[in-house]
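Close look at the chain arrangement
The chain contents come next:
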Amino acid sequence: MGHTPMLELGQNTDQAAPQGDLIKDVTEATFVADVMEGSKEVPVIVDFWAPWCGPCKTLGPMLEQAVTDAKGKVRMAKLNVDENQRLAAALAQQGLPLQSIPTVVAFHEGRPVDMFQGAVPQSEIKAFVDRVAALGGEDNGLAEAIEAAEAMLADGAAVDAAQTFAAILGEEPENAAAYGGLVRAHIAMDDLEQAEAILNGAPAAISTAPELEAAHAQLNLAKQGANAGPVAELSAQVEANPDDHQARFDLAQALHAKGQVEEAVAQLLELFRRDREWNDAAAKQQLFTIFDSLKPQDPVVLSGRRKLSSMIFA
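What you see is a predicted model; the values in this text were computed from it and never measured. (Residues numbered from 1 in each chain as written. Predicted model: local features only at pLDDT ≥ 70, side-chain atom pairs only at ≥ 80, totals over all residues. Heavy atoms only, no water.)

Moving on, we come to the pattern of salt bridges. Enumeration over the complete set of coordinates arrives at 12 salt bridges. The residue Glu28 makes a salt bridge to Arg86 at a minimum N-O spacing of 2.6 Å. Residue Glu28 is located in the loop between strand S1 (23–26) and helix H2 (31–37), and its partner Arg86 is located in helix H4 (residues 85–93); the two are separated by 58 residues in the primary sequence. The salt bridge involving Lys78 is made with Glu64; its shortest N-O contact spans 3.1 Å. Note that Lys78 is positioned in strand S3 (residues 75–80) and Glu64 in helix H3 (residues 54–69), a separation of 14 residues in sequence. Summarising the burial analysis for this pair, Lys78 and Glu64 share the class buried. Several salt bridges converge on common partners, so that one network encompasses Asp243, Glu270, Arg273 and Arg274. (Salt bridge = Lys/Arg side-chain N within 4 Å of Asp/Glu carboxyl O. Helix = DSSP H or I, 4+ residues; strand = E, 2+ residues; numbered from the N terminus. Buried < 20%, exposed > 50% of the residue type's maximum accessible area, 1.4 Å probe, protein only.)

Right, let's talk about the packing of H3 against helix H5 (residues 122–135) for a bit. One can describe the packing of H3 onto H5 by two numbers: an axis separation of 9 Å at closest approach and a directional angle of 45°. With respect to each other, H3 and H5 are oriented oblique. Of the two possible hands of crossing, H3 and H5 adopt the one that is right-handed. The residues of H5 that touch H3, namely those facing Leu59, Met62, Leu63, Ala66 and Val67, are Gln122, Ile125 and Val129. Here the contact of H3 with H5 is built from residues that sort into 7 nonpolar, 1 polar and no charged. (Axes fitted to C-alpha atoms, helices over the stretch in contact; angles between N-to-C directions. Parallel < 35°, antiparallel > 145°, perpendicular 65-115°, else oblique. Left-handed = near helix turned anticlockwise from the far one by under 90°. Contact = heavy atoms within 4.5 Å. Nonpolar A, V, L, I, M, F, W, Y, C, P; charged D, E, K, R; others polar.)

All right, on to the state of the cysteines then. For the structure shown, the criterion picks out 1 disulfide. There is a disulfide in this structure between Cys53 and Cys56, and the S-S distance comes to 2.2 Å. Judged by the sign of its S-S torsion, about 90°, the bond between Cys53 and Cys56 is right-handed. The exposure class of Cys53 is buried, given its relative accessible area of 2%. (Disulfide = S-S within 2.5 Å.)

Turning to unusual backbone geometry, a few remarks are in order. A negative phi angle characterises most non-glycine residues, just as the trans form characterises most peptide bonds. Omega for the peptide link from Ile101 to Pro102 comes to 5°, which places this bond in the cis form. Position of Pro102 relative to the elements: it lies in the loop between H4 and strand S4 (103–108). Of note, Lys71 is a non-glycine position whose phi angle comes to about 50°, a positive value. Structurally, Lys71 is set in the loop between H3 and S3. Positive phi is not limited to glycine here, since Asp190 has a value of about 65°. As for its position among the elements, Asp190 is in the loop between helix H8 (176–188) and helix H9 (192–200). Here Asp190 falls in the exposed class, since its relative accessible area comes to 66%.

As C-alpha cells, then:
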C-alpha cells in the first residue's frame, strides 16, 4: 500500500495471493475494468497512495484488514498515483480531490459514492467499509453462490442445491433468493411437506418477496401434480368432447406435472376462451399461478400473458 511496491516485497506478494480478486493493484490500463465495471458487481474501495506518503504506510494495511474482514462484500483496488499520474489527473478533473493522499474513494455502480482522506482510526475505517458493503445490498458476495446453487438445481442435483442454499441462509438468513431456492430444491426432491414447512417458517421481512411468491406458486402446482391423471387418457377425453372443461383443466395440470409448461398454458388459454367464468374463473387463476412460478421474463409467461390479455380485452 503506502510502503514499497509489493513486487519488491516477496513476502507481501505471497500474502496477497490467496485473496485473489479481493485486493489488487490497479493501473490506468485496468482501472475501468477493475473499478468502474467491477463496482457494478460488488462495491470497490480505491486507495490512492504513493511510496513517499508516510500516512499511507499505516492506512494501507488497516484498510486491507477491514476489506478482508468484509468477506467479499467489498473489493479493494490500490492505485499508485506516482506511476499513474495521467489517470490521477483525469480523475481529479472529474472532481475527485486527489491533491493530497492518502485518499480513499468507494465506487458503486461505476461511480464514486463515498470517500475519506488522511489517516483515520481503525474504527472509522471499519465503519466506512461496513457502510460501503451495505451498498451491495442482498448481493453481498453471495450472488455467485446463489447462481451456483441454481445451476445445481437446473442440473437435477437438488440435494446439493439445498445444502448450498442452506449455507447461504446461514450467512444471511433473510436472503429471499436463497430462501425461495431452498423451497424449490425440496419441491424438486418431491419433499413437499418439508418445502411447505420451510415456506411457512419464512422470516416476516421476506415473506412477500417475489422469490417466495414464486416458490409458493411452484409448491401449489407440485401438490396438484401429485394427483394429476394420465395425460393420454385426459387428452382422449378432451378430443372426444372439447367442451369437457374439467377434463381440459385436469389435462393442463397433468401436462404441467410432466414439465410440459407451454402445453399446459395452451390448454388453459383454450379453456378460458371457451368459458372464462367456468368454476369461478379457474383457468385464469391457474394461469396466474403458473406465471407466478416462473421468472417474469420467461417466454412462456410473456406469450401467455399477451394471449390472455388479448382475450380479456377483446
